[in-house]
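# Structural overview
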Amino acid sequence: MAGMNTPLRFATKIAVLLRDDLAVWQRLNVTAFLVSGLGSAVPEVIGEPYVDGGDVSYLPMFRQPVLVFEGGKETLTAAHGRALGRDVQLSIFTADLFATGNDADNRAAVRAVPTGDLDLVGLAIHGPRVAVDKVLKGATMHR
């Protein structure tokens, strides 16, 4: 248990930016989908598996906090544009994905829309702290 009270300062940041007009269930669903890609694209963000006192094993989780922000449609569009110009990993969720029911249809819905016309409702970012902070300019912490 040594070191449990010492917070770590990570060189990178994981952040989710959600559009502020989403229903609660949509915010939770979008967040779950967005962060699911980070573990495979950036495996170093995943910690070790958990084991309880009865030797039952559990899946590993992110080894650093995930910060959740919100903003209007314009904030998401601007953040998306800034993210594309920086060294960050990015996942997106568009409004069209609420009408699909599987991964293939999700990818087809995103593919059908030019980059500048995406109706973004959420994005997840992983990268150097400073770069992520710049991408999120104008967003506020989720309440």
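Scope of this entry: the structure provided in the associated data block. The structure displayed is predicted, hence computed values, not measured ones.

Here six bridges tie strand 1 (residues 12–19) to strand 4 (residues 66–71), and the two strands are oriented parallel to one another. Within the sheet, the bridge partner assigned to Ala15 lies in strand 4 and is Leu67. In this structure, strand 4 lies alongside strand 7 (residues 140–141), joined through two bridges in antiparallel fashion. Across the sheet, residue Phe69 finds its bridge partner in strand 7, namely Met141.

Looking now at the sheet that holds strand 4. The five strands are arranged 5-6-1-4-7 in an open sheet whose pairing can be described as mixed. Lying at the two open borders of the sheet, with one neighbouring strand each, are strand 5 (89–94) and strand 7. Where strand 5 lies against strand 6 (residues 120–128), six bridges are found, and the strand directions are antiparallel. Following the sheet pairing, Ser91 is matched in strand 6 by Ala124. In the packing of helix 1 (residues 24–36) onto the sheet, the strands contacted are strand 1, strand 4, strand 5 and strand 6, and the crossing angle to strand 1 comes to about 145°.

So, about the layout of surface pockets. Rolled over the atoms, a probe as big as a water molecule pinpoints where empty space is left. Within this model, the largest pocket holds a volume of roughly 260 Å³. For the largest pocket, the full set of lining residues is Phe33, Leu34, Ser36, Ser91, Ile92, Phe93, Leu97, Asp103, Asn106, Arg107 and Val110. At the level of secondary structure, the elements contributing two or more residues to the lining of the largest pocket comprise helix 1, strand 5 and helix 4 (103–111). By residue number, the principal contributor to the lining of the largest pocket is helix 4, which donates four residues. When grouped by side-chain class, the residues that make up the lining of the largest pocket number six nonpolar, three polar and two charged.

So, on to the nonpolar core. Leu17, Phe69, Val88, Ile125, Val132 and Leu136 are the most contacted members of the largest nonpolar core, which totals 16 residues. At the level of secondary structure, the elements contributing two or more residues to this core comprise strand 1, helix 3 (73–84), strand 6 and helix 5 (129–135). Ignoring any residue separated from it by four or fewer positions in sequence, one finds Leu17 in contact with Phe69, Glu70, Gly71, Thr75, Leu76, Ala79, Val121, Gly122, Leu123, Leu136 and Ala139. Membership of the second largest hydrophobic core comes to eleven residues, among which are Val16, Leu22, Val30 and Val121.

Time to look at the packing of aromatic side chains. Within the structure shown, the criterion is met by three aromatic pairs. The interplanar angle of 65° and the centroid separation of 5.8 Å between the aromatic rings of Trp25 and Phe98 together place this pair among those described as edge-to-face. Highlighted residues: Trp25 in helix 1 and Phe98 in the loop between strand 5 and helix 4, separated in sequence by 73 residues. Judged by its relative accessible area of 54%, Trp25 is exposed. The class for Phe98 is partly exposed, based on a relative accessible area of 27%. Ring centres 5.9 Å apart and planes at 55° place the aromatic pair Phe33 and Phe93 in the tilted group. Placement of the pair is Phe33 in helix 1 and Phe93 in strand 5, with a sequence separation of 60 residues. Members of the aromatic cluster, joined through ring pairs, are Trp25, Phe33, Phe93 and Phe98.

Procedures and definitions
Residues numbered from 1 in each chain as written. Predicted model: local features only at pLDDT ≥ 70, side-chain atom pairs only at ≥ 80, totals over all residues. Heavy atoms only, no water. Pairing = 2+ DSSP bridges. Helix = DSSP H or I, 4+ residues; strand = E, 2+ residues; numbered from the N terminus. Contact = heavy atoms within 4.5 Å. Axes fitted to C-alpha atoms, helices over the stretch in contact; angles between N-to-C directions. 1 Å grid on protein atoms, 1.4 Å probe; cavity = no way out; pocket = protein on both sides within 12 Å on 5 of 7 lines; lining within 4 Å. Points joined across faces, edges and corners; volume = space filled by probe spheres on them. Nonpolar A, V, L, I, M, F, W, Y, C, P; charged D, E, K, R; others polar. Core = buried A, V, L, I, M, F, W, Y, C linked by side-chain atoms within 4.5 Å. Buried < 20%, exposed > 50% of the residue type's maximum accessible area, 1.4 Å probe, protein only. Phe/Tyr/Trp six-rings, centres within 6.5 Å; stacked < 30°, edge-to-face > 60°.

Interpretation note: all reported values are geometric properties and have no functional meaning in isolation.
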